Amino acid sequence: MKVGVLALQGAFGLHERVLIRLDVAAVQVRTPEELAAVDRMVIPGGESTAISKLLDANDLADPLADRLADGLPVLGTCAGLILLASEVVDGYPGQHCFGAVDVAVRRNGYGRQSESFHAPIDIERWESPFPGVFIRAPMIDSAGPEVEVLAELDGVPVLCRQGSVVVSSFHPELAEDDRIHRWFIEQE
């Protein structure tokens with residue numbers, strides 16, 4: 001199995017390290033050809049508007065939309081959540097919003113960089129909490145009926161799945177815990 005990591009901007013190297021630690025073939029994706037060769041995809045955190053512009057500059061927006069429509073399994077974290085959402089409440093004109101998960105999000109919904117925080121995330125499938133790292137994190141305002149909310153923080157969804165797409169408001173690649181990546185790789 002080849003897992004692509006969108007390598008245009010953001011924390012792609014950290015996701016790649018987690019995948020390598022899990023003994024998965026991780027491939028940095030910067031071109032349509034590299035995207036076409038992967039079985040799964042990670043869209044990392046970073047700056048969602050910059051990633052959106054770089055998707056256009058690298059002719060990746062349409063191929064990514066096509067792969068998503070074909071059911072490509074994707075893990076989107078932080079900015080990846082914003083790009084995969086159906087609505088960005090406070091997005092910029094022209095910002096990509098692929099609609100792979102029926103959620104409405106607010107960029108930096110948990111505050112600015114100085115308001116970043118760590119919080120334990122209770123995920124039903126695991127006995128111990130996951131160490132959530134929230135850095136300028138998007139906040140999910142609403143989730144549609146097809147969205148499975150896997151974890152909440154103070155009553156707000158922070159980890160969701162719809163079909164083969166998993167999104168998180170936090171940065172699992174920054175935790176010393178590979179359970180989310182491992183689970184994403186192992187799901188059918």
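Residues numbered from 1 in each chain as written. Predicted model: local features only at pLDDT ≥ 70, side-chain atom pairs only at ≥ 80, totals over all residues. Heavy atoms only, no water.

Draft legend 1. Layout of the overall build of the chain. When helices and strands are counted, the chain shows six helices and 12 strands. For 188 residues, the compact-globule estimate of 2.2 N^0.38 gives 16 Å, and the C-alpha radius of gyration of the chain, at 15 Å, lies within 12% of that figure. Buried residues in the chain amount to 55% of all 188 residues. Partitioning the contacts of the chain with sequence separation of at least 6, the portion at a separation of at least 24 is 63%. As presented, the chain carries roughly 8,500 Å² of accessible surface, and 46% of it is formed by carbon and sulfur atoms. Each charge class in the chain was averaged separately, 15 positive and 29 negative side chains, and the resulting centres sit 5 Å apart. (Helix = DSSP H or I, 4+ residues; strand = E, 2+ residues; numbered from the N terminus. Rg over C-alpha atoms; globule rule 2.2 N^0.38 Å. Buried < 20%, exposed > 50% of the residue type's maximum accessible area, 1.4 Å probe, protein only. Contact = heavy atoms within 4.5 Å. Areas by Shrake-Rupley, 256 points an atom, 1.4 Å probe, with all protein chains shown as cover. Lys, Arg positive; Asp, Glu negative; His and termini not counted. Charge placed at Lys NZ, Arg CZ, Asp CG, Glu CD.)

Draft legend 2. Seen up close, the packing of aromatic side chains. Using the criterion set out here, one finds five aromatic pairs in the structure. Ring centres of Phe 130 and Phe 170 lie 5.8 Å apart, and the angle between their planes is 40 degrees; this geometry places the pair in the tilted category. Of this pair, Phe 130 sits in strand S8 (residues 130–134) while Phe 170 sits in the loop between strand S12 (165–168) and helix H6 (179–186), and the two are 40 residues apart along the sequence. Each member of the pair, Phe 130 as well as Phe 170, is classed as buried. One cation-aromatic arrangement involves Arg 40 over Phe 184; the distance from NZ or CZ to the ring centre is 5.6 Å. (Phe/Tyr/Trp six-rings, centres within 6.5 Å; stacked < 30°, edge-to-face > 60°. Lys NZ or Arg CZ within 6 Å of the ring centre and 35° of its normal.)

Draft legend 3. Layout of the pairing of S8. For S8, the tally of buried residues reaches four of five residues, placing the bulk of the element in the interior. Two elements, strand S7 (residues 117–121) and S8, share five bridges in a ladder whose sense is antiparallel. Opposite Pro 120, over in S8, you have Pro 131 as the bridge partner. (Pairing = 2+ DSSP bridges.)

Coordinates in, geometry out; function isn't part of it.
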